[in-house]
Amino acid sequence: MRQACPVPEPAEPTPNPSAEHPHAATLRRLEHSSGKLAAAAIARMDDQLPWYRAMPPEHRSWIGLVAQAGIAAFTEWFRHPETPQAISTDVFGTAPRELTRAITLRQTVEMVRTTIEVMETAINEVAAPGDESVLREALLVYAREIAFATAQVYAQAAEARGAWDARLESLVVNAVLSGEADEGTVSRAAALGWNAPEHVAVVLGTAPDGDSELTVEAIRRAARQAKLQVLTGVLGSRLVVIAGGTPDPLKAAKSLIGPFAAGPVVAGPVVGDLLSATRSAQAAAAGLRACPAWPDAPRPVLADDLLPERAMAGDPTARTLLVEEIYRPLEEAGSALLETLSVFLEQASSLEGAARMLFVHPNTVRYRLRRVTDVTGWSPSDVRSAFTLRIALILGRLLDGEEAATP
């Protein structure tokens, strides 16, 4: 007997999602109305949102794409409400990333609200008879999901922008501190909101332990309270602040000192712009290295107040400043001032002792010392100033000796 061939089972019919959907009629009407709803949403935005009308055509087209994608995503979500949907990708992925910079979060909320309102208005027209409440409830749930998706998109954009800004700021701070600042550094600072203030100073100190981002944010809060512009960062163990907006570097340092760790805090001299801030940074760094030689230094302290310690630590800039700003002006003012100052310091700051050594009246010594203060800005009667003047005299004489010995 011949074996009967098995009869193949009939193929299962391909399921039709729309036909099987419990609200298939509403789903079909929703699909057919999506273009009309998107056009109505755009028209309402143009009528009710002034910022939308003022935008360039390219940005308006992006928003139109987002509105269309939102309605299409709702249709798909209504078809399979039980399936998790990546709403942020479906809706906001249709527009370029620049959209989060082109419109604010508030404007995006207004855009979403307008689109949802248009869809709510059309529920009675789109829903099949008896499905109005179902469609309205679905739209409410979807609106909640869109709200969360909007917050997520802007939060991710803010995080990415914050991370990029932090890297950019670190590059600017490092360039200033290392002496490599150039026009590119200025451009990067401008991208961070630096408005090129006339007075700029660098403040250096020790960074606290813990999260450097929290330290940086604390500096920014202090700067806002003091109405200062700042560029800041933690480089190794140092906390670096480039402060702009005040001609008084000590005042700026006092305003920003809170987030610094224990230890010396040094403010460099004021300069005219960011490119020149390298000089302020180098002075502050030299002062920070020399601070251990002055245990009783105030906190914060000016780098220029540490000139003698910096000079003894080998800072050539400090040596030059002491000679050029103290010794040379005294030399040009006449030998009597240099001689009187030298003798006064040698006589343990005694007016009578200096007068005897110089064979002059004590009032003459007193007058000459006032002239020293006028010429240099440093008072010989002050212990700290006298120390600075003595170092300046030593460096000036050493330099004169080197020049005399050079053929």
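Residues numbered from 1 in each chain as written. Predicted model: local features only at pLDDT ≥ 70, side-chain atom pairs only at ≥ 80, totals over all residues. Heavy atoms only, no water.

## Thoughts on the packing of aromatic side chains
Part 1: Per the counting criterion, the structure on display carries three aromatic pairs.
Part 2: On the basis of an interplanar angle of 85° and a centroid distance of 6.4 Å, the ring pair of Trp-51 and Tyr-52 is categorised as edge-to-face. Exposure class is identical for Trp-51 and Tyr-52. Each is buried. (Phe/Tyr/Trp six-rings, centres within 6.5 Å; stacked < 30°, edge-to-face > 60°. Buried < 20%, exposed > 50% of the residue type's maximum accessible area, 1.4 Å probe, protein only.)

## Observations concerning the confidence of the model for the protein
Part 1: Taken residue by residue, the protein gives an average pLDDT of 84. The fraction at 70 or more is 86%.
Part 2: Confidence, expressed as mean pLDDT per element, reaches its minimum in the protein at helix α1 (residues 17-20) with 48 and its maximum at strand β4 (residues 266-267) with 97.
Part 3: In the model, residues 1-15 has pLDDT below 50 throughout and makes one contact with residues more than four positions away in sequence or in other chains. (pLDDT = per-residue confidence, 0-100. Helix = DSSP H or I, 4+ residues; strand = E, 2+ residues; numbered from the N terminus. Contact = heavy atoms within 4.5 Å.)

## Concerning the packing of helix α4 (residues 57-79) against helix α7 (residues 105-121)
Part 1: Look at α4 against α7: their axes get within 11 Å of each other, and the N-to-C directions meet at 50°. For the element pair α4 / α7, the angle class is oblique. In the packing of α4 onto α7, the handedness of the crossing is right-handed. When α4 is examined against α7, the residues Ile-63, Val-66, Ala-67, Ile-71 and Phe-74 are found in contact with a partner set consisting of Met-111, Thr-115 and Met-119.
Part 2: Within the contact of α4 with α7, the residues separate by chemical class into seven nonpolar, one polar and no charged. (Axes fitted to C-alpha atoms, helices over the stretch in contact; angles between N-to-C directions. Parallel < 35°, antiparallel > 145°, perpendicular 65-115°, else oblique. Left-handed = near helix turned anticlockwise from the far one by under 90°. Nonpolar A, V, L, I, M, F, W, Y, C, P; charged D, E, K, R; others polar.)

## Looking at unusual backbone geometry
Part 1: In this model, Arg-299 is joined to Pro-300 through a cis peptide bond whose omega is 0°.
Part 2: Mapped onto the elements of the fold, Pro-300 is located in the loop between α13 (277-290) and β5 (301-302).
Part 3: Phi at Ser-349 is positive, roughly 60°, even though this residue is not glycine.
Part 4: Along the chain, Ser-349 turns up in the loop between α16 (335-346) and α17 (351-358).
Part 5: Ser-349 sits in the partly exposed class, given a relative accessible area of 38%.

## Here we look at the pattern of salt bridges
Part 1: Counted according to the given criterion, the structure contains 13 salt bridges.
Part 2: Between Glu-217 and Arg-220 there is a salt bridge; the shortest N-O distance is 4.0 Å. A residue pair is termed a helical-turn pair when its members lie 3 or 4 positions apart in one helix, as Glu-217 and Arg-220 do in helix α11 (residues 212-226) at three residues.
Part 3: On the basis of relative accessible area, Glu-217 is assigned to the partly exposed category, the value being 31%.
Part 4: For Arg-220, a relative accessible area of 27% corresponds to the partly exposed category.
Part 5: What emerges from the salt-bridge pattern is a single network uniting Glu-169, Glu-217, Arg-220 and Arg-224. (Salt bridge = Lys/Arg side-chain N within 4 Å of Asp/Glu carboxyl O.)

## Some words on the pairing of strand β2 (residues 229-235)
Part 1: By the bridge criterion, seven bridges tie β2 to strand β3 (residues 238-244) in an arrangement that is antiparallel. Opposite Val-234, over in β3, you have Leu-239 as the bridge partner.
Part 2: As consecutive antiparallel partners, β2 and β3 are separated by two residues, and within that stretch Gly-236 has a phi angle of approximately 65°, a positive value. (Pairing = 2+ DSSP bridges.)

## Structural notes on helix α10 (residues 183-191)
Part 1: The N-capping residue of α10, defined by a side-chain oxygen 3.0 Å from the backbone nitrogen of Gly-184, is Asp-182.
Part 2: Residue Gly-193 follows α10 closely and has a positive phi angle near 95°. (Polar contact = N/O pair within 3.5 Å; in protein donor to acceptor, adjacent residues only side chain to side chain.)

## Overview of the sheet that holds β4
Part 1: In spatial order, the strands read β2-β3-β1-β4-β5; together these five strands make up an open sheet with mixed pairing. The strands lining the two open edges of the sheet, one partner per strand, are β2 and β5.
Part 2: Here strand β1 (residues 200-206) runs beside β4; their pairing, made up of two bridges, is antiparallel. Bridge assignment links Val-203 to a residue of β4, and that residue is Ala-267.
Part 3: Sitting on the sheet, α11 touches β2 and β3, and the angle it makes with β2 is about 160°.
Part 4: Taken strand by strand, α13 contacts β1, β3 and β4, and its axis lies near 30° from that of β1.

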